[in-house]
Amino acid sequence: MTSVENETATTTMKMYKPSDIEKIVVYIMPGSQFAAKALVALDSRKIKHECFYVAVSLEQRKKQIPSGGTLVPEIQITLKDGGDPIVVSDSEGILHWFDDHYENAKKFFPTTECSDLSMRVSDGVLAGCVYYYNWVHNDGYNRSMKNSFRKFLAIPSWMPSFVSSGPLDMLLNSSRKKFAVKAADAIKLDGVDKDALTNEDEPKVKKALLEELAYLQSLLKDDDENTELYFFGHKQATAADISVYAQIERLVGDMGDGKVSASIPDLKKDETSLKLLWKWHDGMRKNHPIKFRGKRAGDAKK
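The present account deals with the structure reproduced in this document.

Rules used in this analysis
- Residues numbered from 1 in each chain as written.
- Predicted model: local features only at pLDDT ≥ 70, side-chain atom pairs only at ≥ 80, totals over all residues.
- Heavy atoms only, no water.
- Phe/Tyr/Trp six-rings, centres within 6.5 Å; stacked < 30°, edge-to-face > 60°.
- Buried < 20%, exposed > 50% of the residue type's maximum accessible area, 1.4 Å probe, protein only.
- Helix = DSSP H or I, 4+ residues; strand = E, 2+ residues; numbered from the N terminus.
- Lys NZ or Arg CZ within 6 Å of the ring centre and 35° of its normal.
- Pairing = 2+ DSSP bridges.
- Right-handed = clockwise from strand over helix to strand, strands pointing away.
- 1 Å grid on protein atoms, 1.4 Å probe; cavity = no way out; pocket = protein on both sides within 12 Å on 5 of 7 lines; lining within 4 Å.
- Points joined across faces, edges and corners; volume = space filled by probe spheres on them.

1. Digging into the packing of aromatic side chains
Move 1: Considering all chains together, one arrives at 9 aromatic pairs under this definition.
Move 2: Aromatic side chains phenylalanine 98 and tyrosine 102 sit 5.3 Å apart centroid to centroid with 70° between the ring planes, which places their arrangement in the edge-to-face category.
Move 3: Among the residues examined, phenylalanine 98 registers a relative accessible area of 1% and is labelled buried.
Move 4: Geometrically, the ring pair formed by tyrosine 131 and phenylalanine 179 is tilted, given 5.3 Å between the ring centres and 40° between the ring planes. Note that tyrosine 131 is positioned in helix 6 (residues 125-136) and phenylalanine 179 in helix 9 (residues 161-187), a separation of 48 residues in sequence. Each of the two residues, tyrosine 131 as well as phenylalanine 179, counts as buried.
Move 5: Members of the aromatic cluster, joined through ring pairs, are Tyr16, Trp97, Phe98 and Tyr102.
Move 6: A cation sits over an aromatic face here: arginine 120 above tyrosine 215, 4.0 Å from the ring centre.

2. Let's talk about the pairing of strand 2 (residues 21-28)
For a regular strand, side chains alternate in direction, first toward one face of the sheet and then toward the other.
Move 1: Most of strand 2 sits inside the fold, with 6 of its 8 residues counted as buried.
Move 2: Sheet analysis places strand 2 next to strand 4 (residues 74-79), joined by 6 bridges and oriented antiparallel. Its bridge partner being in strand 4, lysine 23 is matched across the sheet by threonine 78.
Move 3: Bridge count between strand 2 and strand 3 (residues 50-53): 4 bridges; the pairing is parallel. Each bridged residue has a counterpart across the sheet, and for valine 25 the counterpart in strand 3 is glutamate 50.
Move 4: In terms of handedness, the path from strand 2 via helix 2 (residues 33-44) over to strand 3 forms a crossover that is right-handed.

3. Quick notes on the layout of surface pockets
Move 1: Here the largest pocket defines a volume of roughly 1,500 Å³.
Move 2: Around the largest pocket sit 48 residues that line it, and Met29, Ser32, Arg61, Val72 and Trp135 are the ones nearest its centre.
Move 3: If you list the elements that add at least two residues to the lining of the largest pocket, you get helix 2, helix 3 (58-64), helix 4 (91-101), helix 5 (112-123), helix 6, helix 8 (145-152) and helix 9.
Move 4: Sort the elements by how many residues they give to the lining of the largest pocket and helix 9 lands first, with 7 residues.

Encoded structure:
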């Protein structure tokens, strides 16, 4: 097994042609915004790949993921020459690997500003708001993650929600606490000095979210002659577009064929001052649909 760090150090940025690669397997959790980022990126460059759906159980997942870790996405690249598979972790790292090592792919990070924006939205306020509205805020949690787990666990539709609600809340309670901490750390709300956000912090979180979305909109240029709208005036989707798109889908979209309910679906309708950003989002959904399904791999680790 070769990590991307060792790969870079020992081969001095070795380049691979599509013909050098036997297959690429992406280890994912369907519906994950970070998995969506990796998949949209590969689809946008027509890089063939398969998907392996990892288990919810972290102990099971360690046995499935090539690195032995628990975080997704992760990719394993099998080479035709029979050499050790290349393993790359983290959605940002995956995009950088293809920029640095894969021939015939248009760059995901053509400029520093694309790289900076991709990191900002993956680790900062926008990512924190996604954590908050999907896991912490009661209404968003009920619409999104709780509803998704209800489907995942195949709870019968005829069973009243008040019967399944309590057990689901107990099952997800530790995750909600974890993401309350992650949201606080990412958003860093002014005047809020605590380790974890709560439902009562929603007005301040909403303010921070709208300010961040307004900033993102300021980076778009509306050009009637350009039918595809991308950040910084680029003519194709870069890491900046793909990273923002994957996060915003968890707020107002459905994660493509992942079918995760939006956590704040009315935001797009209510915030008309963001119409250029919503135009960009509509274009991304049309030109770069998120596809988790139809790519299923076998037991890729074996």
